[in-house]
Amino acid sequence: MRKITIIISAFSLLISSHSFSKTIIGKARIIDGDTIYIKNNKIRLHGIDAPETKQKCKIDHQDWFCGKQSTTELKNIIDDQSVECIVNDIDIYDRYVAICSTNKTNLNQWMVKNGWAIAYRYYSTDYIVEEKYARDNKLGIWKSEFLKPYQYRKSNKN
């Protein structure tokens, strides 16, 4: 019985370690500040949450389209270069969740450190240091008043 348990455990470990060992490489089509497509693969950037495309933030009581700006910043850093995404999960919307990079720049980390996304603490603690840096230096959305993207989504459900 013990031998069977060990074999089943080893098999389960083997399956789980290979279930998300996928790398996707190619030109990216940017959907918003935390979602891209490479070929037919929809990819959510792991551990970050960027403002929604229609989301507005406020600077000195004036609205600005921080969601559109977040998307633009991701487009600019990628700059038509090839993107490599290492998949670590699949979310409830059947998107790949991945850490993506281009030219040795971790895009997830860059978006948070430059203030165009927040660390998505509900799913990960990976980018908390970068978020603090952006907040302390009033970079990106941190120069404004804003709802955290998940709060914005919740308050704008149809």
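Described below are features of the structure shown in this document. (Residues numbered from 1 in each chain as written. Predicted model: local features only at pLDDT ≥ 70, side-chain atom pairs only at ≥ 80, totals over all residues. Heavy atoms only, no water.)

## Focus on the nonpolar core
At step 1: Membership of the largest hydrophobic core comes to 29 residues, with the highest contact counts inside it found for Ile36, Ile43, Leu74, Val83, Cys85 and Cys100.
At step 2: Counting only elements with at least two residues in this core, the list comes to β1 (22–32), β2 (35–38), β3 (41–45), α2 (66–78), β7 (82–90), β8 (96–102), α3 (107–113) and β10 (118–119).
At step 3: In this structure isoleucine 43 touches Ile24, Asp34, Thr35, Ile36, Ile38, Cys85, Tyr96, Ala98 and Cys100, once residues within four positions along its chain are discounted. (Core = buried A, V, L, I, M, F, W, Y, C linked by side-chain atoms within 4.5 Å. Buried < 20%, exposed > 50% of the residue type's maximum accessible area, 1.4 Å probe, protein only. Helix = DSSP H or I, 4+ residues; strand = E, 2+ residues; numbered from the N terminus. Contact = heavy atoms within 4.5 Å.)

## Concerning the packing of aromatic side chains
At step 1: Using the criterion set out here, one finds five aromatic pairs in the structure.
At step 2: Where tyrosine 122 meets tyrosine 123, the ring centres are 4.8 Å apart and the plane angle is 85°; that geometry is what we call edge-to-face.
At step 3: We classify tyrosine 123 as exposed; its relative accessible area is 56%.
At step 4: One aromatic cluster is present, formed by Tyr120, Tyr122, Tyr123 and Tyr150 through successive ring pairs.
At step 5: Stacked on the ring of tyrosine 133, the Lys or Arg lysine 113 has its end atom at 5.1 Å from the ring centre. (Phe/Tyr/Trp six-rings, centres within 6.5 Å; stacked < 30°, edge-to-face > 60°. Lys NZ or Arg CZ within 6 Å of the ring centre and 35° of its normal.)

## Comments concerning the state of the cysteines
At step 1: Taken as a whole, this structure holds two disulfides when the rule is applied.
At step 2: Each sulfur of the disulfide joining cysteine 57 and cysteine 66 lies 2.1 Å from the other. On the sign convention where negative is left-handed, the bridge of cysteine 57 and cysteine 66, at about 75° about the S-S bond, is right-handed. Cysteine 66 matches cysteine 57 in its accessibility class, with the two residues each being buried. (Disulfide = S-S within 2.5 Å.)

## Describing helix α4 (residues 128–136)
At step 1: Within α4 the residues assigned to the buried category are Glu130, Glu131 and Ala134. Angular distribution of buried residues about the axis of α4 spans 100°; they occupy a single face of the element.
At step 2: For α4, the elements touching its buried residues are α3 and β10.
At step 3: Positive phi shows up at lysine 138, right after α4, with a value of about 50°. (Arc of directions from axis to C-beta.)

Spatial relationships are all this shows, so hold off on functional conclusions.
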